[in-house]
Amino acid sequence: MIYELLGLLPEDISGRKCYEIIGRSTECVPCATRQAIDRKEFVSIEKYVPELGLHLSCRSNPVMDGQGNVIRIVEHLRDITRQKETEEELRQSAHFLDNLMESIQDGLSILNPDLSIHRANRTIKNWHKQQAPLEGKKCYQAYHNREFPCDPCPSLLCLQSGVMENEEICVHTDIGIKWIEIFSYPLVNAENHTVEGVIEFVRDITKRKQAEEELKKIEWMLSSQQAPPLTADYTLVDAYIPPYGNLTELNTRREILDAVGAETLKNIVDDFLDMLATSVAVYERNGDYALGIFSSDWCRSMDRASYQLCGTEDREQALKCGKWLCHESCWNTAKQAIETGAPADVECEGGIRLYAVPIRASGEIIGTINVGYGDPPADISRLSELASKYGVDVKELIRWSNVYESRPPFVIEMAKRRVHSAAHLIGEIVERKQAEAALKESETTYRALFENSLDAIFLTVPDGKIFAANKAACEMMGMTESELIAGGRDKVVDKNDPRLSDALNQRALKKSFKGELNFKRKDGTSFPVEISTGVYQDIHISIIMDEKITHSDHFFPEETGIGFSGFLGNTPCRFSNNFKSPDDRILAFDIG
């Protein structure tokens, strides 16, 4: 009833304009009744009436007299609010679905039961632009240029089984050949549980397939092989021992060797040497060996043969004679990298190539890493030439050349990148060891200064706690170090000094203060001091002289200092050694 719809009684409506009934002073726009009067025909419109908060279907039918004049209008109103809300929900749902499909970077299609394409997202359309429009075409026609369904077809299987099916196939697209993995999911009717279509999710797996093909090329590297036997101390039973022994025993510089250690060096280079299975050497900047490893039979045989050309068992003489061809090639490459500061890539005397990367620590080149790479020669004439130069049987070289497994270019490039990483890591270890040694030396020096100085020194933090006090400070204040630490700044600062407040304010603003204040000893006596204080890394450092001292303007600049970690643990604190006079008495603490 109209009265129920509007919430009014008959007497509320009688004699009033229709638009007045809903609280308006003018006609609605649009108005079905006005249009019916003007056009003298039935009019139906839908509109939202904000005064009622309703969507209405308004149908106005004119009643005319014999002369065709409109004498009355029959107006029918129907509440269609729920219908409109449902339509809006459906529209929002469809909009959400559209956005969802287009936001998915993989391919997505919705197929009808006959495998015709109902919808496809942007990715699928980009792959098959020449088949546009895709909607309505069979998937096997549009996607695979076939007249019959694929065999096997995961979507057909899905329609039959009612469960997810998947398959990997190779397809030709407008942007090239692709390997794709198809996942077909059934669209099931919720009421009768019948499969009414398929959602086909397509993932591009081309890169994965290419990687698999590349891995097949180096399958020999991934195949399980019996690990070589180990001794009780985990060294290889059949480890190669060159005839000249361990050349690191001749290392006189030992900058890299001592800082990193032989075992750590071996572990570092194993990261790339296992990929190449050739040889590696780590040199100090003066040419001494910090490490030398020969992995391949080719490199071992060539190194052994060229060492024998030296005609001496004296290793130092052999290194200098110029006939040890493998050593000469390796060191000359290393020297080039050291002198130029850049990687060196040269042909080795032994038929492969050498790659050398400089090792830097603290901004200086301290050595190099050299690694051999590449296939040994296979040409018989080249092998004969090497056999003559090295004094070995050519049949032996042929045998060692044939057993070496060729490395793909990408493996070699990857190994070279790891050589750079290894050089950087070794440099960082050496630099850290150098810093630790310098820090230890500095801390020893400054610990001696702290403990034995005639100057009074306190180490504190901003909250007023005292962490350490030297002997001179204890004597000045007439207290033990434990008493000073327990009492903190309140134990030594004369709080009644009227200058204290200004001093604190000045230091808070300027991060420093220099002037005179009164301090107190254990017996309560007050005495004047000249204080220079500054804030460094959250530690307040103050330099104080008693009344005996007439002049001092030095304090501890953080930028030139050495860490006092021995006293403060993890608390940052730095001091310099720029004392002007051995007679200055210094008290450093926080007064804030």
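Keep in mind that what you see is a predicted model, and the values were worked out from it rather than measured. (Residues numbered from 1 in each chain as written. Predicted model: local features only at pLDDT ≥ 70, side-chain atom pairs only at ≥ 80, totals over all residues. Heavy atoms only, no water.)

Student: Looking at this structure, I do not really get the overall build of the protein chain. What am I missing?
Tutor: When you go through the protein chain residue by residue, the secondary structure sums to 22 helices and 20 strands. If you take every contact in the protein chain between residues at least 6 apart in sequence, the share linking residues at least 24 apart comes to 50%. On the protein chain, roughly 32,700 Å² of surface is accessible, and the fraction owed to carbon and sulfur atoms is 51%. (Helix = DSSP H or I, 4+ residues; strand = E, 2+ residues; numbered from the N terminus. Contact = heavy atoms within 4.5 Å. Areas by Shrake-Rupley, 256 points an atom, 1.4 Å probe, with all protein chains shown as cover.)

Student: Sorry, what's going on with the packing of aromatic side chains here?
Tutor: A ring pair, where both rings are aromatic, is described by two values, the distance of the centres and the angle of the planes. Applying the stated criterion across every chain, the model contains six aromatic pairs. Between Tyr307 and Trp324, the ring centres sit 4.9 Å apart and the planes meet at 55°, which makes this aromatic pair tilted. With a gap of 17 residues between them, Tyr307 in helix α13 (residues 297-308) and Trp324 in the loop between α14 (315-320) and α15 (325-340) connect regions that are remote in the sequence. When sorted by exposure, Tyr307 lands in the same class as Trp324, which is buried. Taken together, the aromatic side chains of Tyr244, Tyr307 and Trp324 make up a single cluster linked through ring pairs. Between Lys209 and the ring centre of Trp179, over which it is positioned, the NZ or CZ distance is 4.7 Å. (Phe/Tyr/Trp six-rings, centres within 6.5 Å; stacked < 30°, edge-to-face > 60°. Buried < 20%, exposed > 50% of the residue type's maximum accessible area, 1.4 Å probe, protein only. Lys NZ or Arg CZ within 6 Å of the ring centre and 35° of its normal.)

Student: Where do I start with the side chain of Ser116 in this structure?
Tutor: Relative to the elements of secondary structure, Ser116 occurs in the loop between β4 (107-111) and β5 (117-120). Separated by 2.7 Å, the side chains of Ser116 and Asp114 make a polar contact. Once residues lying within four places of it in the same chain are set aside, the contact partners of Ser116 are Ile110, Leu111, Gly136, Lys137 and Lys138. (Polar contact = N/O pair within 3.5 Å; in protein donor to acceptor, adjacent residues only side chain to side chain.)

Student: What should I look at first to understand the sheet that holds strand β8 (residues 195-204) in this one?
Tutor: One key point about sheets: their strands pair by backbone hydrogen bonds, in either a parallel or an antiparallel sense. Sheet architecture is open: five strands sit in the order β5-β4-β8-β7-β6, paired in antiparallel fashion. The two strands at the open ends of the sheet, each matched to only one other strand, are β5 and β6 (165-173). Direction aside, neighbouring strands of the sheet carry axes that sit 25° apart on average. Sheet topology places strand β7 (residues 176-188) next to β8; nine bridges connect them, and they run antiparallel. Directly across from Pro186, in β8, lies its bridge partner Val198. (Pairing = 2+ DSSP bridges. Axes fitted to C-alpha atoms, helices over the stretch in contact; angles between N-to-C directions.)

Student: Which parts of the structure should I look at to understand the nonpolar core?
Tutor: Buried together is how nonpolar side chains tend to be arranged in soluble globular proteins. In terms of nonpolar packing, the biggest core is built from 33 residues, with Ile256, Val260, Leu265, Phe272, Val282, Ile369 and Ile426 touching the most fellow members. Mapped by element, the contributors of at least two residues to this core are α11 (255-260), α12 (262-276), β9 (279-284), β10 (289-294), β12 (353-361), β13 (364-373) and α18 (409-452). Sequence-distant contacts of Ile256, defined by excluding residues within four places in its chain, comprise Gly261, Leu265, Val282, Tyr283, Glu284, Ala290, Ile359, Ile366, Gly367, Ile426 and Val430. Counting 30 residues, the second largest nonpolar core, distinct from the first, contains Leu247, Cys310, Trp324 and Ile338. (Core = buried A, V, L, I, M, F, W, Y, C linked by side-chain atoms within 4.5 Å.)

Student: Help me understand the sheet that holds strand β2 (residues 54-64) in this model?
Tutor: Spatially, β1-β2-β3 is the arrangement adopted by the three strands of the open sheet, whose pairing is antiparallel. Each having just a single partner strand, β1 (43-49) and β3 (70-79) make up the two edges of the open sheet. Going from strand to strand, the sheet's axes swing by 25° on average, the running direction of each strand aside. Inspection of the sheet shows β2 paired to β3 by nine bridges, in the antiparallel sense.

Student: Please clarify how the packing of helix α16 (residues 380-390) against helix α17 (residues 394-403) should be interpreted in this entry.
Tutor: Orientation of α16 relative to α17, taken along the N-to-C sense of each, is 125°, at an axis distance of 9 Å. Comparing their axes, α17 and α16 come out oblique. Handedness of the α16/α17 crossing: right-handed. Of the residues in α17, those in contact with Ile380, Leu383, Ser384, Leu386 and Ala387 of α16 are Val394, Leu397 and Ile398. The residue inventory of the contact of α16 with α17, partitioned by class, reads seven nonpolar, one polar and no charged. (Parallel < 35°, antiparallel > 145°, perpendicular 65-115°, else oblique. Left-handed = near helix turned anticlockwise from the far one by under 90°. Nonpolar A, V, L, I, M, F, W, Y, C, P; charged D, E, K, R; others polar.)

Student: Explanation requested: the pattern of salt bridges in the structure shown.
Tutor: In a structure, side chains of opposite charge can pair up when their charged atoms sit close to one another. Per the stated rule, a full pass over the model turns up 33 salt bridges. Note that Lys416 and Asp345 form a salt bridge whose closest N and O atoms lie 3.0 Å from each other. In this pair, Lys416 is assigned in helix α18 and Asp345 in strand β11 (residues 344-347), connecting sequence segments 71 residues apart. Under the relative-accessibility criterion, Lys416 is labelled buried at 12%. The closest approach of N and O atoms between Glu347 and Arg382, which form a salt bridge, is 3.6 Å. In this pair, Glu347 sits in strand β11 while Arg382 sits in helix α16, placing the two residues 35 residues apart along the sequence. Taking relative accessible area as the criterion, Glu347 reaches 52% and is therefore assigned exposed. Through salt bridges with shared partners, a single ionic network connects Glu168, Glu181, Arg208, Lys209 and Glu212. (Salt bridge = Lys/Arg side-chain N within 4 Å of Asp/Glu carboxyl O.)

Student: Help me understand a nonpolar patch on the surface in this model?
Tutor: On the surface, Val63, Ile71 and Val74 cluster together into a nonpolar patch covering about 240 Å² of accessible area. With respect to the helices and strands, Ile71 occurs in strand β3. (Patch = residues over 30% accessible without salt bridge, like charges linked within 9 Å, V, L, I, M, F, W, Y side chains within 5 Å.)

Student: Looking at this model, I keep getting lost on the packing of α13 against α16. Mind explaining?
Tutor: What describes two packed helices is the angle between their axes and the distance between those same axes. One way to put it is that α13 packs onto α16 with a least axis distance of 9 Å and a crossing angle of 40°. Judged by residue contacts, Trp298, Met302, Ala305 and Ser306 of α13 engage Leu383, Leu386 and Tyr390 from α16. For the contact of α13 with α16, the per-class residue count stands at six nonpolar, one polar and no charged.

Student: Explain α13 to me, please; I cannot follow it from the model alone.
Tutor: In an α-helix, one turn spans 3.6 residues; hence positions three or four apart end up facing the same way. Compared with the 16 Å implied by 1.5 Å per residue over twelve residues, the 17 Å span of α13 between its first and last C-alpha is a close match. Among all positions in α13, only Trp298, Cys299, Ser301, Met302, Asp303, Ala305, Ser306 and Tyr307 are buried. In this structure, the buried side of α13 is in contact with β9, β10, α14, α15, α16 and α17. (Expected span 1.5 Å × (residues − 1).)

Student: What is the right way to read the environment of His420 from this model?
Tutor: In this fold, His420 is placed in helix α18. Through-space distance from the C-alpha of His420 to that of Ala356 is 9.2 Å; in sequence the pair is 64 residues apart. When sequence neighbours within four positions are dropped, the list of residues in contact with His420 reads Pro343, Tyr355 and Val357.

Student: What is the right way to read unusual backbone geometry from this model?
Tutor: Negative phi is the rule for most residues except glycine; trans is the rule for most peptide bonds. Look at the link from Val29 to Pro30: it is a cis peptide, with omega at 0°. Tracing the backbone shows Pro30 in the loop between α3 (18-21) and α4 (32-39). The step from Asp151 to Pro152 runs through a cis peptide bond, and the omega angle for that step is 5°. Along the chain, Pro152 turns up in the loop between α7 (139-144) and α8 (154-161). One non-glycine residue, Ser362, adopts positive backbone phi at about 55°. Secondary-structure assignment places Ser362 in the loop between β12 and β13. Despite not being glycine, Lys511 shows a phi value in the positive range, around 65°. With respect to the helices and strands, the residue Lys511 is situated in the loop between α21 (500-510) and β16 (512-520).

That's the geometry; what it means functionally is another story.
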